[in-house]
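Structural overview
Residues per chain, in single letters:
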Amino acid sequence: MSNSMNDTTRTATAPVPNNPNPIAKQDAMIEIDDVSFSYDHGQTNVLRNISFDIPAGKVTALIGPSGCGKSTLLRCLNRMNDLVDTSKVTNGQIRIMGQDINASDVDPIELRKQVGMVFQKYNPFPKSIYDNVAYGLRIQGIKNKPKLDEAVERSLRRAALWGEVKDRLGSSALGLSGGQQQRLCIARTIAVSPRIVLMDEPCSALDPIATARIEELIAELREEFTIVIVTHNMQQATRVSDRTAFFYIGELIEYDSTAKIFSNPSVKQTEEYITGRFG
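Read on for an overview of the structure. This structure is a prediction, so every number in the text was calculated from the model and none was measured.

**Comments concerning the sheet that holds strand S8 (residues 226-230)**
The mixed open sheet is built from 6 strands, whose spatial order is S6-S7-S8-S3-S9-S10. Each having just a single partner strand, strand S6 (115-118) and strand S10 (251-257) make up the two edges of the open sheet. Strand after strand, the sheet turns through a mean of 15 degrees between neighbouring axes, direction not considered. In this fold helix H6 (residues 178-190) packs onto S6 and strand S7 (196-200), with an angle of close to 170 degrees to the strand it touches most, S6.

This is the structure in structure tokens:
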């Protein structure tokens, strides 16, 4: 695939992508190596030659304007894009814990047990609160009621929801508030003990109070999980993440510590985006 872009799609300040990537390989949970991705059987290029490593036990934010490819990249990490018939990784490799996740012997369903996902729009199942959290565990073959009870309580506690729902676990999850439903979806995701949690704008449909609760939860979960979050909210990225990757029109423009990106970016285009000059 060509790495060039039509000049009319670039701004005057668009640089050659900067990729400081100062993460030692032994500290990388996810290695993204020269990945390009397209839809429409290769006709629509969404990502172009993306390379950077995501450290274990940290929160990494993906930022950039709409349509820049950040959510597509997120879905590449657990092969959710496989569900779109016309999409494909056209070159490069994504390794998680050293394993090429697109290798022929990798089962996407097994991969998603290790790489959970929380979506932009909270999507609880039309089941009880208890059954929502227990769903993945039952799929894995866990039927023992005491074990399920313990896992459900543990997951709801880790999602900061137990105190609010412990007396109505048999009630429909659809009766919860939006913020509670999103925390329930997080509880459902972490109940199966993934190594990585992907979050695709998890607060975009929530009010400020619910958003603050989710951000507090992210801060707590970073102690147990590697988290990758897509967000349009620059303030949120600064509050919750350790590292930030800035994307523009399918290219990685800059990747560094969040403090560096937001206080002293190396690329002018990054500065223009985070200061609101475009996007």
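**Points about the pattern of salt bridges**
In a structure, side chains of opposite charge can pair up when their charged atoms sit close to one another. Per the stated rule, a full pass over the model turns up 15 salt bridges. Arg79 is paired through a salt bridge with Asp82; the nearest N and O atoms lie 2.7 Å apart. Overall, Arg79 belongs to the buried group, its relative accessible area being 13%.

**Some points on the pairing of strand S3 (residues 59-63)**
Most of S3 is tucked away, with 5 of its 5 residues classed as buried. Residues of S3 alternate between two faces, with Val59, Ala61 and Ile63 on one and Thr60 and Leu62 on the opposite face, all of them buried. Sheet analysis places S3 next to S8, joined by 4 bridges and oriented parallel. If you follow Val59 over to S8, its bridge partner there is Ile227.

**Considerations on the packing of aromatic side chains**
The way to describe two aromatic rings as a pair is by their centre distance and the angle between their planes. Considering all chains together, one arrives at 5 aromatic pairs under this definition. Each member of the aromatic cluster is reached from another via a ring pair, and the members are Phe52, Phe247 and Tyr255. Seen from the ring of Phe125, Arg188 lies directly overhead, with NZ or CZ sitting 4.1 Å from the centre.

**Here we look at the nonpolar core**
Of all hydrophobic cores here, the largest spans 48 residues; its most connected members are Leu156, Leu184, Ile186, Met199, Ile218 and Ile227. Setting aside residues up to four positions removed in sequence, Leu156 forms contacts with Val133, Leu161, Trp162, Val165, Leu169, Leu184 and Ala187. Listed in part, the 34 residues of the second largest apolar core include Tyr39, Leu111, Val228 and Ala245.

Here is what the cut-offs are and how they apply
Numbers given for residues are sequential positions, taken from 1 along each chain in its written order. Residues qualify for local features only when their pLDDT is at least 70, as the model is predicted, and side-chain atom pairs are given and counted only at 80 or more; totals for whole chains, interfaces and linings, by contrast, use all residues. Hydrogens and water are ignored here; the side-chain numbers use all heavy atoms of the structure. Strands qualify as paired when DSSP identifies two bridges or more between them. Comment: elements are numbered from the N terminus, with helices defined as DSSP H or I runs of at least four residues and strands as E runs of at least two. For helices, the fitted axis covers only the stretch in contact; all axes are lines through C-alpha atoms, and the angles between them, taken along N-to-C directions, range from 0 to 180 degrees. Note on contacts: a residue pair is in contact if any heavy atoms of the two residues lie within 4.5 Å. By convention in these notes, a salt bridge is any Lys or Arg side-chain nitrogen within 4 Å of a carboxyl oxygen on Asp or Glu. Each residue gets one of three labels from its accessible area relative to the maximum for its type: buried under 20%, exposed over 50%, partly exposed in between, using a 1.4 Å probe on protein chains only. Pairing of aromatic rings covers Phe, Tyr and the six-membered ring of Trp, with a centre-to-centre limit of 6.5 Å; geometry is then stacked below 30 degrees between planes, edge-to-face above 60, and tilted otherwise. Two thresholds decide whether a charge sits over a ring: the Lys NZ or Arg CZ must be within 6 Å of the ring centre and within 35 degrees of the ring normal. Throughout, nonpolar core names a set of buried Ala, Val, Leu, Ile, Met, Phe, Trp, Tyr and Cys residues whose side chains join them through atoms within 4.5 Å.

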